[in-house]
Amino acid sequence: MPAPSSSTSPSPSPTAAAVPAPVPAPLPAEGRGRGLGPVALVISAGISVQFGAALAVMIMPRAGAAGVVTLRLAAAAVVLLLLCRPKVRGYSRSDWGTVLAFGVAMAAMNGLFYQAIDRIPLGPAVTLEVLGPLALSVFVSRRLVNVLWAGLALGGVVLLSGHGGGGLGFGSLDPLGAAYALGAGAMWAAYIVFSARTGRRFPQADGLALAMAVAAVLSLPMGIVGAGSDLLVPSTLALGVGVAVLSSVLPYTLEMLALRRMPAPTFAILMSLEPAIAATAGFLVLNQAMSALDALAIALVIAASMGAVRSQIRKQPA
């Protein structure tokens, strides 16, 4: 699932629809890293996010999906607020409305995603979730070629859902879990829109920290109802902090460092690899095996996402 970066981006292009967060303005061309360093940072961030999600699945029997969301968002909010120390004065009502909407989208995205991975394997869940940013990219660009890319992604989803064989094929998954994953994708698209707006209104990562606090507060009642006193068990708290570090704090830092050394469109293409990373994490950590058809379907969605981003890059003037 997505990990936001910094909050100092300019107005996003349709390409940014594949990027899960506002990004800092890229350095001039001569200052951008050309080696493997920035790529390694982005891939490391994706690995951290998805293995954090795998860890979350492991602690769900203790705290439930809602409890895990509360632990993750609360821990991440505390860390970001301490690091950023955002100012709360001098902002308009419209500014606060934007950060509130950002926080609501963040809470809904996380809540739906964790409900999804509580019911279906991680790889298919992220594959369905990434359709949200892809749909946003197609809608904003309004180019025929991106409609074709969307059709390729839809073909991947049909391939996942069409075969009814055994194992962990999408055809044998909980329909409610799939619905949660699609809902998380819709919230991911909303998250992208409001994160960019927040980045234009708040300096540095202040808007992100404030929105994370909003998301944590919104998730708290459901976490308390779902997990109750289990949230306060030291071992559960420690694991929840681990999820927050792997899925939020560490990826934010790695992505911010990478985005200072590479163009945002390149970052967007690399983020399209998340379904594959998620499937790998599910296999290694959770023993969630995939069939050849599952792997092919995920590959189609990844190819569609990359293609949509690349076609948008070619559209932009030099």
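Residues numbered from 1 in each chain as written. Predicted model: local features only at pLDDT ≥ 70, side-chain atom pairs only at ≥ 80, totals over all residues. Heavy atoms only, no water.

*Asks:* When you look at the overall build of the protein chain in this model, what are you seeing that I'm missing?
*Replies:* If you tally the helices and strands in the protein chain, you get 11 helices and 0 strands. Reading the secondary structure of the protein chain in the N-to-C direction produces α-α-α-α-α-α-α-α-α-α-α. Buried residues in the protein chain amount to 53% of all 318 residues. When contacts within the protein chain are restricted to residue pairs at least 6 apart in sequence, those whose partners lie at least 24 apart make up 86%. (Helix = DSSP H or I, 4+ residues; strand = E, 2+ residues; numbered from the N terminus. Buried < 20%, exposed > 50% of the residue type's maximum accessible area, 1.4 Å probe, protein only. Contact = heavy atoms within 4.5 Å.)

*Asks:* What is the right way to read the pattern of salt bridges from this model?
*Replies:* Between side chains of opposite charge, a pair can form when the charged atoms approach closely. Scanning all chains against the criterion turns up 2 salt bridges. One salt bridge in this structure joins Asp 95 and Arg 201, with 2.6 Å as the shortest N-O distance. Here Asp 95, found in helix α2 (residues 93–117), pairs with Arg 201, found in helix α6 (residues 175–201); they are 106 residues apart in sequence, far enough to count as distant. Residue Arg 201 is classed as partly exposed on the basis of its relative accessible area of 35%. Note that Arg 119 and Asp 174 form a salt bridge whose closest N and O atoms lie 4.0 Å from each other. One end of the pair, Arg 119, is in the loop between α2 and α3 (122–129); the other, Asp 174, is in the loop between α5 (144–162) and α6, with 55 residues separating them in the sequence. The exposure class assigned to Arg 119 is partly exposed, which follows from its relative accessible area of 33%. (Salt bridge = Lys/Arg side-chain N within 4 Å of Asp/Glu carboxyl O.)

*Asks:* Explain the confidence of the model for the protein chain to me, please; I cannot follow it from the model alone.
*Replies:* The predicted coordinates of low-pLDDT regions are not to be read in fine detail. Looking at the protein chain as a whole, its pLDDT mean stands at 76, while 75% of the residues score no less than 70. Here residues 163–169 scores under 50 on pLDDT; set against residues more than four positions off or in separate chains, the count is 15 contacts. (pLDDT = per-residue confidence, 0-100.)

*Asks:* For this particular structure, what's the right way to read the nonpolar core?
*Replies:* One recurring pattern in soluble globular proteins is that nonpolar side chains are buried together. Core analysis: the largest hydrophobic core is formed by 60 residues, its most contacted members being Met 106, Phe 113, Tyr 114, Ile 117, Leu 122, Tyr 191 and Met 212. Ranked by residues supplied to this core, first place goes to helix α1 (residues 37–84) with 15 residues. Within the second largest apolar cluster, 7 residues are counted, among which are Leu 41, Val 42, Leu 254 and Met 262. (Core = buried A, V, L, I, M, F, W, Y, C linked by side-chain atoms within 4.5 Å.)

*Asks:* Before we go on, may I ask you to explain the environment of Gly 132 in this structure?
*Replies:* Position of Gly 132 among the secondary structure elements: in helix α4 (residues 131–141). Judged by its relative accessible area of 12%, Gly 132 is buried. Considered as a pair, Gly 132 and Leu 182 are 50 residues apart in the sequence and their alpha carbons are 7.3 Å apart. Contacts of Gly 132, omitting those with residues within four sequence positions, involve Gly 185, Ala 186 and Ala 189.

*Asks:* Would you take a moment to explain the environment of Gly 228 for this structure?
*Replies:* Within the element layout of this structure, Gly 228 appears in the loop between α7 (206–227) and α8 (234–259). Separated by 165 residues in sequence, Gly 228 and Ala 63 have C-alpha atoms that sit 8.2 Å apart.

*Asks:* I tried to follow the packing of aromatic side chains on my own but got confused; where do I start?
*Replies:* The description of an aromatic ring pair rests on the distance of the ring centres and on the angle between the ring planes. Scanning the model with the defined rule gives 5 aromatic pairs in all. Measuring from centroid to centroid gives 4.4 Å for Tyr 91 and Phe 202, while their planes differ by 35°, and the two rings are tilted. Here Tyr 91 is found in the loop between α1 and α2, whereas its partner Phe 202 is found in the loop between α6 and α7, with 111 residues between them in sequence. Given a relative accessible area of 2%, Phe 202 falls into the buried group. On the basis of an interplanar angle of 70° and a centroid distance of 6.1 Å, the ring pair of Trp 96 and Phe 202 is categorised as edge-to-face. Note that Trp 96 is positioned in helix α2 and Phe 202 in the loop between α6 and α7, a separation of 106 residues in sequence. What links up through ring pairs into an aromatic cluster is the set Tyr 91, Trp 96 and Phe 202. (Phe/Tyr/Trp six-rings, centres within 6.5 Å; stacked < 30°, edge-to-face > 60°.)

*Asks:* What should I look at first to understand a nonpolar patch on the surface in this one?
*Replies:* On the surface, Met 58, Phe 283, Leu 284 and Val 285 cluster together to form a nonpolar patch covering roughly 390 Å² of accessible area. Looking at which element gives the most residues to the nonpolar patch, the answer is helix α10 (residues 274–286), with 3 residues. Secondary-structure assignment places Val 285 in helix α10. (Patch = residues over 30% accessible without salt bridge, like charges linked within 9 Å, V, L, I, M, F, W, Y side chains within 5 Å. Areas by Shrake-Rupley, 256 points an atom, 1.4 Å probe, with all protein chains shown as cover.)

*Asks:* Hey, could you run me through the side chain of Asp 206 in this one?
*Replies:* Its place among the elements puts Asp 206 in helix α7. Buried charge without a partner: Asp 206 forms no salt bridge, and the closest opposite charge is Lys 87, 7.2 Å away. In contact with Asp 206, other than residues within four places in its own chain, are Cys 84, Pro 86, Lys 87 and Tyr 91. (Lys, Arg positive; Asp, Glu negative; His and termini not counted.)

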